[in-house]
Each structure stands twice: as C-alpha cells, then as structure tokens.
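One letter stands for each residue in the lines below.
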Amino acid sequence: MSEELVNVSDLNQHAYCPRRYWYLHFYDTQGRNYERIEGKTKHENQSERGNWLNELYLESERLGLKGKIDVLDLENGRTVPVERKRAESGDYYKSDEVQLAGYCMLLEDHLDEPVRQGAIYLYETDQRMHVPITEDHRETVREQIDAMQSMTVDSIPPFTDNPKKCEACSAREYCLPEETARLEPKKVRGTGWEGRI
Ligand code: SF4
C-alpha cells in the first residue's frame, strides 16, 4: 500500500496491534469500502454550528495521512480537534492519543499553524479530557505511517505480546492466538501467549 494515504483512525488500530490492522486492511474489504463511502458522505454533510465544526475531512500528501475529525472546537481563538470515544473502562487508551495526534498533525498541515492540543470526549462518563500533543506523539505517528505503508499481504505481523488485548479484539476469530498457542506453540514463541496454554 506504499502510495496510499493512511487513514487516521487506522493509526489507532495499528497502535493497538499491528497484526489486527493487517487483518482489517487485507481481509475486511467490505468493511473498508463501507467506511470509505460513509466517510465521503459525511464529508459532504459537514456542518458548522456556533463555535463547533462537525466532521471535517482532511488529506495531506506530505504527511501520508487522511481522516475525518469528529468535532473541531473553534472557541477562545484556539482550534482543538475533539475525538469522541466509547470508553466502557472509563478511560481512553494510548492508541487513542496516537489517533488524536494524527488529527492534530493533519489540522496543522491544513491551517499552516501549530495545533498543540486535542481533546477526547468520553460518552460513558460525559468527560472531555485535554491531551497535549508532544514530539513523542508526532514521532510515533510518523513511525506508524511508515510501518503501515510498508506492510504487505505476505508479511503478517507477530501476535501481540499483551494477550489481554486479544480478549477484546474483533480480529480474534481470524487471528486465533489461543488456538495457535495450543496447536503450533513455536509460532507464539516470544509473545505473551507462550506459556499461557
Ligand atoms: S487477537 Fe491479539 S494478536 Fe490477534 S490481532 Fe487481535 S490483538 Fe492482535
């Protein structure tokens, strides 16, 4: 996929587990197409209400990124992208920060001015958490983009070394970490699955 722009929401998938992203990208083609069509429709329907701009779609060839910002808060002379999340655990994940950093980078490329902060809104708790975007976040985004653009169908990434992530992973039915650990233990050597079965 070397020339393709990376979808910012996929940064989240890849940061969670590169193998998960590999399955979603190369196997879940119906879901991908749906997402693209829906993204286009939402882009066409973007609207502005008061100091909020909803659903802003941006692309940057320079960054290798594209994506739709849920909400843009234009209040107090600052432009803050807001990403809405369901968070049954009551908190957001590190991978959500990576996604938010991707939106901030897209936005600053579009505005040609620094965007140093984003926000995550948690539905369950009705909380808005402000997240300063650091150079580490930006470097992580750049590394993820490189890794995602270099990924090929022949190079499936290894299992995550954090089996807890597998418990809530929708790719698990294809990935089969537990079954692989049981039937082909050599394939999970060096991962957290080794020794769990
Ligand atoms: S089941 Fe685990 S190893 Fe497999 S894709 Fe999901 S998180 Fe990654």
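Residues numbered from 1 in each chain as written. Predicted model: local features only at pLDDT ≥ 70, side-chain atom pairs only at ≥ 80, totals over all residues. Heavy atoms only, no water.

(A) Representation of the pattern of salt bridges in the model. Applying the stated rule across the entire model yields 13 salt bridges. Across the pair Asp 96 and Lys 85 runs a salt bridge, and its minimum N-O distance is 3.7 Å. Taken together, the residues Asp 96 in helix α4 (residues 94-111) and Lys 85 in strand β5 (residues 80-85) connect sequence positions 11 residues apart. Summarising the burial analysis for this pair, Asp 96 and Lys 85 share the class buried. (Salt bridge = Lys/Arg side-chain N within 4 Å of Asp/Glu carboxyl O. Helix = DSSP H or I, 4+ residues; strand = E, 2+ residues; numbered from the N terminus. Buried < 20%, exposed > 50% of the residue type's maximum accessible area, 1.4 Å probe, protein only.)

(B) Layout of the confidence of the model for the protein. Here the protein shows a mean pLDDT of 85. Residues at 70 or above account for 86%. Between residues 29-46, whose pLDDT stays under 50, and residues either more than four places distant or in other chains, the model counts 14 contacts. (pLDDT = per-residue confidence, 0-100. Contact = heavy atoms within 4.5 Å.)

(C) Summary view of the nonpolar core. Of all hydrophobic cores here, the largest spans 41 residues; its most connected members are Leu 11, Leu 65, Leu 107 and Val 141. Counting only elements with at least two residues in this core, the list comes to α1 (8-16), α2 (18-26), β3 (52-60), β4 (65-73), α4, β6 (117-122), β7 (127-132) and α5 (135-150). Residue-level mapping places this core at the junction of two domains, with at least three residues from each of domain 1 (6-153) and domain 2 (158-196). When sequence neighbours within four positions are dropped, the list of residues in contact with Leu 11 reads Val 6, Leu 65, Val 98, Gly 102, Val 141, Gln 144, Ile 145 and Met 148. (Core = buried A, V, L, I, M, F, W, Y, C linked by side-chain atoms within 4.5 Å. Domains from an automatic or database assignment.)

(D) Structural view of the packing of aromatic side chains. Within the structure shown, the criterion is met by 6 aromatic pairs. Residues Trp 22 and Tyr 27 carry aromatic rings whose centres are separated by 5.5 Å and whose planes lie at 45° to one another, so their mutual orientation is tilted. Since its relative accessible area comes to 5%, Trp 22 is described here as buried. Arranged with centres 5.9 Å apart and planes meeting at 20°, the rings of Tyr 23 and Tyr 174 form a pair that is stacked. (Phe/Tyr/Trp six-rings, centres within 6.5 Å; stacked < 30°, edge-to-face > 60°.)

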